[in-house]
Structure formats: C-alpha cells, structure tokens
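Commentary on secondary and tertiary structure
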Amino acid sequence: MHYARNIIKKELFSMLTASRQVAYRILGFIDSTTFGKTNPLFILSYHSVAEDDWRFSVDKKIIMEQILYIQKHFDIITLSTLTKYLQGKKDLTRPSVVLTFDDGYKDILTLKDFFTKHNIQPALFLLSNTKNPNWKELGSKRPFLTTPEIKSLIASGWEIGCHSATHANLATLSDAALLNEVVTSKKKLEEELGIPVPYFAYPRGKYNENVLRLIKNAQYQLALTMDDGFIKPYSDMYTLPRVGVDRTHTFVEFTQAFSPSVVRLRRAVKKSPIGRYL
C-alpha cells in the first residue's frame, strides 16, 4: 500500500511539473514584450549545491549557468544595498536581484571561488543551533558550515542573516520558544561570528503577527519570506518576498520564474495543495 502511494505521488508530481513548464512558457511569452520596459527588483532563494535527488539541492554547474544568466540581465546587489533602497537612501535604476542561500550547508563552499571571481556577494541565512536542528522541518541531514568556514565566506563579502535557531515552524511556537528562535539565535550568531546579523529569513517562509512583532523588537533591518513577488519602494521590510529555485526547474523555467505573470501565478497558488510544485 505504501509503495503504491509513493508511485501515485511520483506520477502526480511529474504531471504537475510538466503542467508547470507549459504554464511558465506561456506566461513568460506573454510578458516578454513588456517585462524589459520595467526595472524589476526581486530576491532569489537557494538552499544546497549538490548532485543528488533532494529537491532543494541544485547541481553546481546548473547554478553557475543560472547565475551567469542573471548577471547578464540584472544587477546583482547585496541586502545592504536593498536596505538603503527601501530606506529611501539609494536609487536602483536597473533591473536588480539579490541572491540568498538558506540553512547554511557546507556544500555552498563549492561556489565560493565562482562568486568571488564574478564579484557577487550573496546573503547566507544560518541556523544558530546546528547540533540539534529540526531535521523534520529541514527535510535533509546534510552537514552544515563550520564557524571558520562561515568566516571565510564573510571575508569574501558574503552577508549573514539568521534563519532561526533550529528551523522550527515559527507559526506554531509558544512565546518562550519564539524568543529562542528569533531573538536568542540572533545574539548567538553575532557572538560567534563577531559581526552584526541584521537580516532574518523565516524557515519555509512561515510567520504570523506574533513572529513579526518579535522580529521588529529584535531590531532586524529586513525579514524575508517565501511569498513570491517583486520588491517596491513601499514594500514592508519585514515581509519581503522571495522567489524559490530548486532542481525541478529547467533552465527555461528558471529564466521565466521571475516573469511578472509567473510570479503572480506562484503567489496565487502558494497556499493550495499544489502550490509547493510551482
């Protein structure tokens, strides 16, 4: 019975991803005549860099191909630049994108030299408790970066944010547990790394009003969700949208994933049973 359910799930996944490819192509084509006339600003979210079957790991060669495409068509900016833009202290006159990596996996190191060569400074969102994380919520047990490895990325210009203490579902926690995940985790990372940690990324993009209150009280400058969308001068600095990228996206889909109509589609179905496939 269990085997049969897995087969059904696999077939359903294949059907949905095939449908997604068609939808992306159609919507991307529709947008192609107008998208170039605007200056879109958005954030991309990655996780792991690996040649395996975990959905949220992407092969190194594929990521590099995607990033080179991005660099050809957009300015790749930092979160600190984005902060100044949202504070009204800086103008962005060209299409721009921020690159982020969640969880802090060791395999990200394989891209260090590539990003240095191309003068790209991504943002890395870390867990403060990598000894006892919430493995179920993470969905993977791959090794995390060590503190010296993180410091080497900082020295190369990477920016650092907090991704909670354990990657728990913040929307389900008590006040005491939330303090540990949102406030104490920030202080711990700052003490270990010796730098301010002004950014937060909600694990799996989940948050509620109580979480938002603590984020603001902890004096984070920005907080990032997984709510697909573009960033505007008036965007809420504590619920900034990101566009997720995973290994199920073909290269063509990747180039269309931040097309306005595709982004609207992803956002509209995010809470539906099939939302996670888009």
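Note: the structure precedes this text.
Below you will find a few notes about this structure. Quantities reported herein were computed from a predicted structural model and do not represent experimental measurements. Per chain, residues are indexed from 1 in the order of the written sequence. A pLDDT threshold of at least 70 governs which residues receive local features in this predicted model, and a stricter bar of 80 or more applies before side-chain atom pairs are shown or counted, although totals over entire chains, interfaces and linings include all residues. Calculated side-chain values reflect all of the structure's heavy atoms, with hydrogen atoms and water omitted.

Topic: unusual backbone geometry
Applied cut-off: Each helix corresponds to a stretch of at least 4 residues labelled H or I by DSSP, and each strand to a stretch of at least 2 residues labelled E; elements are numbered beginning at the N terminus. Exposure is judged per residue with a 1.4 Å probe applied to protein chains only, and the accessible area is read against the type maximum: over 50% gives exposed, under 20% gives buried, and values in between give partly exposed.
Positive phi outside glycine occurs at asparagine 119, with the angle close to 55°. Topologically, asparagine 119 is positioned in the loop between helix 4 (112–117) and strand 6 (123–126). Accessibility expressed as a relative area gives 64% for asparagine 119, which makes it exposed. The residue glutamine 219 is not glycine, and still its phi comes out positive at about 65°. Examined against the element boundaries, glutamine 219 turns out to sit in the loop between helix 8 (209–217) and strand 9 (222–224). Residue glutamine 219 is classed as exposed on the basis of its relative accessible area of 65%.

Points about the pairing of strand 6
To be explicit about the condition: One bridge is not enough; two strands pair if DSSP finds at least two bridges between them. Crossovers are marked right-handed if the path from the first strand over the helix to the second runs clockwise, as seen with the strands pointing away from the viewer.
Going residue by residue along strand 6, you find Ala123 and Phe125 tucked away on one face and Leu124 and Leu126 tucked away on the opposite face as well. In the sheet, strand 5 (residues 96–103) pairs with strand 6 via 4 bridges, with the strands oriented parallel. Among the inter-strand pairings, threonine 100 is bridged to a residue of strand 6, identified as alanine 123. With helix 4 bridging strand 5 and the parallel strand 6, this β-α-β connection has right-handed handedness.

So, the nonpolar core
Worth spelling out the cut-off: Among buried residues, the Ala, Val, Leu, Ile, Met, Phe, Trp, Tyr and Cys ones that are joined through side-chain atoms within 4.5 Å form a nonpolar core. We call two residues contacting when some pair of their heavy atoms lies within 4.5 Å.
With 48 residues, the main nonpolar core has Leu44, Tyr46, Phe101, Phe115, Leu124, Val182 and Phe200 as its most contacted residues. Sequence-distant contacts of phenylalanine 200, that is, excluding residues within four places in its chain, are made with Phe125, Cys162, His163, Ser164, Leu170, Glu181, Val182, Ile215, Tyr220, Leu222, Ala223 and Leu224. Among the nonpolar cores identified, the runner-up in size contains 18 residues, and Tyr85, Ala123, Leu224 and Ile231 belong to it.

A look at the side chain of serine 235
What counts here: The definition of a polar contact used here is a pair of N or O atoms within 3.5 Å, where within protein one atom must be able to donate a hydrogen and the other to accept one, and adjacent residues in sequence count solely through side-chain atom pairs.
Inspection of the secondary structure assignment puts serine 235 in the loop between strand 9 and strand 10 (243–244). For serine 235, a relative accessible area of 17% corresponds to the buried category. A polar contact is formed between the side chain of serine 235 and the backbone nitrogen of lysine 232, at a distance of 2.7 Å. Excluding residues that lie within four positions of it along the chain, serine 235 makes contacts with Leu86, Phe230 and Leu240.

Focus on helix 8
Applied cut-off: Here, the arc refers to the directions that run from the helix axis to the C-beta atoms.
For helix 8, the set of buried residues is Val211, Leu212, Leu214 and Ile215. Along the axis of helix 8, the buried residues cluster in a sector spanning 165°; they form a single face. Residues Glu209 and Asn217 are exposed on helix 8 and point more than 90 degrees away from its buried face. Residues of helix 8 that are buried in the fold lie against helix 7 (175–193), strand 8 (199–201) and strand 9. The residue sitting at the N-terminus of helix 8 and contributing the capping side-chain oxygen is asparagine 208; that oxygen lies 3.1 Å from the backbone nitrogen of asparagine 210. Glutamine 219 sits one or two positions beyond helix 8 and adopts a positive phi of about 65°.

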